[in-house]
Amino acid sequence: MTVRIANAAGFLGDNVDAPRRLVEAAEVDFLTLEYLAELTLSIMARQRQKDPQSGYARDLLDVTESLIPAFQQQQQLHLVTNGGGLNPVACARAVAGIFAAADLGEASIGVVTGDDLSGNIQQLQQDGCVFENLDTGEPLSSLSQPIISANAYLGAEPIAAALDDGARIVLTGRVADAALCVGPAVHRYSWAWDDWNRLSAASVAGHVIECGAQATGGYATEWDGFQLEDVGYPIAELAEDGSSIITKPTGTGGTVNRRTVSEQIVYEIGDPRQYMTPDVVIDFTSVELEEVGADRVKITVAGGNPAPDSYKVSLAYADGFTASGQLLVYGSDCIAKAKKAAEIIFARLTQAGVEFEETYCELLGVGDGVPGVHAEPESATEVMMRLSVRDPRRKAVSRFAKELAPLITSGPAGLAGYAQGRPQVRPVFAYWPTLVPKSAVEASVSVRTASEWNQ
Amino acid sequence: MAASITTSFTLGQIATARSGDKGNHANIGVVAKSLAAYEYLEQELTEERVAEYFASLGANKVVRFELPKIQAFNFLLHNCLGGGASRSLRIDTQGKLLGTAISQMPLPAPEDVSALIDAV
């Protein structure tokens, strides 16, 4: 027997039909949905400022609606997601309302909180926590800009606790992505929290499935021919010894082979021997892969090392404003013409007395996606001129946003694309990676029925 | 120095790649298509060569890690994303394109190219 853990969302913005399609095509025990990229929580923080009842993954509500028939028909199905974002309680109430309305009011919903440190930062600093920037070594006290969000990456323990308590749905804020997989595994197999080898193995499975279809042929170098239009999302069949088989629902598109899984193993990691999670330190060099059937790859992991005594914290601070706008430049002279058009725009801004901390011009179509790696061609049929600015002053960035359209009548011939309107001014959230002692963070678990959450 | 794309032997013939971000660092995973290809890349796909190929991105450090059991490498390019995340003004704020770019990286042609490619 194995426990079947699937993932059908790799980020907020992933395919909203994928969760429903997955549970319709395969019986899984735990459906996980991963919604929180590094800066997603800072965007949610802005939303919660405007509306105290927001600040979670809104897509989750439509997804929950779509999963109701499966929850009614499949008794084994559980949902574990970090879509609670910055407001897991408000999220639980909204999800509970959907369950209650579908006569599933008895379903238990577990909410994990405690990751949000934004209200405790000052107190923790007074208590001696320096929050040293892991990249620069600077203490947080040197930061002058306002902190937007600060969340510890919690581990799998509170998720397992909620499941042990009977939760059918577990909603969390920031947790390590792999914890969405490790929590259900520990709940099912009752592994000890110092069983480093098994925790490491389950974490590797979690790492492979956490980005959804990136494990099943999406984003793969050899994607062509993988039938991605109905790509199946990944399922980890996790055994009691921690080994797993990565697969996908039968009859779906995509491909699971050694290379699609290998590419995902080395995705967004640093030192593979010391991949830190709150539950275990993974040694990815101990991972072995074996193709054991069509679209079935077995993962065995030889080793894991004791968990660190601190949590990683994703802290975001406001760092001014940015805007980007683009115009299509056409004609055999388009490269030179685009450069000249950019010069005209920035010269006019200088004349208007507007300066920026940073400006940038890209000519998309002639290699600027990875600037400078390939020599610029001598000519092109057309290029997309993309201009961007960043500055602490919103007013300066707003002024930039007004400077593209005037080129319609006062710039070179052969430019198009004004119909998109003025570029949008967006806040910049900068990232301050740091640590907090585990002893300074208290994860809480609250499990109630949907009817109770809905009151 | 911009690399020539006319070189006949490129990494993509014997390996696949995937890239992403770690703050302002980019990571590029390279998966060899065969053991022979892995051993060749162990010699030829050096930190220095990768750093030179991506020199225009301004990385201040390039580190290679080996994962021999899955015949893969992980390259970490420090501080090469123009600020990373929402701060970078580049269209590719997260270094997603670097995997495709490295696939086109020219490498010295081995004495017997077919031995590496046929082994795939």
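The structure displayed is predicted, hence computed values, not measured ones. (Residues numbered from 1 in each chain as written. Chains lettered and ligands numbered in written order. Predicted model: local features only at pLDDT ≥ 70, side-chain atom pairs only at ≥ 80, totals over all residues.)

**Section: the interface of chain B and chain A**
Piece 1. Taken together, the contact pairs 35 residues of chain B with 43 residues of chain A.
Piece 2. Within the residue set of the side of chain B that touches chain A, elements represented by two or more residues are strand S1 (15–22), strand S2 (25–32), strand S3 (61–67), strand S4 (72–78) and helix H3 (98–103) of chain B.
Piece 3. Among the elements that line the side of chain B that touches chain A, the one with the most residues is S1(B), at six residues.
Piece 4. Class assignment for the residues of the side of chain B that touches chain A results in 18 nonpolar, ten polar and seven charged. (Contact = placed C-beta atoms within 7 Å. Helix = DSSP H or I, 4+ residues; strand = E, 2+ residues; numbered from the N terminus. Nonpolar A, V, L, I, M, F, W, Y, C, P; charged D, E, K, R; others polar.)

**Observations regarding the packing of helix H3 (residues 59–73) of chain A against helix H4 (residues 88–101) of chain A**
Residues and elements named next belong to chain A.
Piece 1. Closest axis-to-axis distance for the H3/H4 pair is 10 Å, and the angle between their directions is 30°. In terms of axis orientation, H3 runs roughly parallel to H4. Our pair here, H3 against H4, has a crossing hand that is right-handed. Packed against H3, whose contacting residues are Leu 60, Leu 61, Thr 64, Glu 65 and Ile 68, the element H4 presents Cys 91, Ala 94, Val 95 and Ile 98 at the interface.
Piece 2. Considered class by class, the residues forming the contact of H3 with H4 number seven nonpolar, one polar and one charged. (Axes fitted to C-alpha atoms, helices over the stretch in contact; angles between N-to-C directions. Parallel < 35°, antiparallel > 145°, perpendicular 65-115°, else oblique. Left-handed = near helix turned anticlockwise from the far one by under 90°.)

**Quick look at the domain arrangement of chain A**
Residue and element names in this part refer to chain A.
Piece 1. Looking at the assigned domains, one finds that chain A contains domain 1 (3–115 + 153–308) and domain 2 (315–432).
Piece 2. Averaged C-alpha coordinates put domain 1 and domain 2 at centres separated by 38 Å.
Piece 3. With five residues of domain 1 in contact, the opposing surface of domain 2 contributes four residues.
Piece 4. Looking at side-chain class alone, the side of domain 1 that touches domain 2 contains two nonpolar, one polar and two charged residues. (Domains from an automatic or database assignment.)

**Quick look at the environment of A:His374**
Piece 1. Structurally, A:His374 can be placed in the loop between strand S15 (358–364) and strand S16 (382–391).
Piece 2. Taking the C-alpha atoms as reference points, A:His374 and A:Gly254, 120 residues apart in sequence, are found 31 Å from one another.

**A closer look at helix H7 (residues 179–189) of chain A**
Helical geometry: 3.6 residues make up each α-helical turn, so side chains three or four residues apart lie on a common side.
Residue and element names in this part refer to chain A.
Piece 1. With nine of eleven residues buried, H7 lies mostly within the body of the structure.
Piece 2. Residues of H7 that are buried include every one of Ala 179, Leu 180, Cys 181, Val 182, Gly 183, Pro 184, Ala 185, Val 186 and His 187, and no others.
Piece 3. In this structure, the buried side of H7 is in contact with strand S1 (3–7), strand S2 (30–33), strand S3 (78–81), helix H6 (157–164), helix H8 (196–209) and strand S7 (235–238). (Buried ≥ 20, exposed ≤ 12 C-beta atoms within 10 Å, placed from the backbone.)

**Considerations on the packing of H7(A) against H8(A)**
Residue and element names in this part refer to chain A.
Piece 1. Packing of H7 against H8 brings their axes to within 7 Å, and their N-to-C directions diverge by 135°. Overall, the two elements H7 and H8 adopt an arrangement that is oblique. Regarding H7 and H8, the two cross each other, and that crossing is right-handed. Two secondary-structure elements touch here, H7 through Leu 180, Cys 181, Val 182 and Ala 185 and H8 through Leu 199, Ala 202, Ser 203, Ala 205, Gly 206 and Ile 209.
Piece 2. Broken down by class, the residue content of the contact of H7 with H8 amounts to eight nonpolar, two polar and no charged.

**A look at the sheet that holds strand S13 (residues 304–305) of chain A**
Residues and elements named next belong to chain A.
Piece 1. Here we have three strands laid out as an open sheet, ordered S9-S10-S13, and antiparallel in their pairing. If you trace the sheet from one side to the other, it starts and ends with strand S9 (275–276) and S13, each paired once.
Piece 2. Here strand S10 (residues 281–282) runs beside S13; their pairing, made up of two bridges, is antiparallel. The residue of S13 that forms the bridge with Ile 282 is Gly 304. (Pairing = 2+ DSSP bridges.)

**A look at unusual backbone geometry**
Residue and element names in this part refer to chain A.
Piece 1. The phi dihedral of Phe 131 is positive, around 50°, even though this residue is not glycine.
Piece 2. With respect to the helices and strands, Phe 131 occurs in the loop between helix H5 (121–126) and strand S5 (147–152).
Piece 3. Take Phe 131: there are 23 C-beta atoms within 10 Å of it, and that puts it in the buried class.
Piece 4. Here the phi dihedral of Asp 295 falls at roughly 55°; this positive angle occurs in a residue that is not glycine.

**Some remarks on the sheet that holds strand S11 (residues 287–293) of chain A**
All names here are of chain A.
Piece 1. One open sheet holds the ten strands; their spatial order is S11-S12-S8-S7-S1-S2-S3-S6-S4-S19, and the pairing between them is mixed. The open sheet has two edge strands, S11 and strand S19 (444–449), and neither has a second partner. Across the sheet, the mean angle from the axis of one strand to that of its neighbour is 20°, orientation sign disregarded.
Piece 2. Relative to S19, strand S4 (residues 108–113) runs antiparallel, the two sharing six bridges. Bridging from a neighbouring strand, Gly 110 pairs with Val 447 of S19.
Piece 3. Here H4 sits on the sheet in contact with S4 and strand S6 (169–172), set at roughly 165° to S4.

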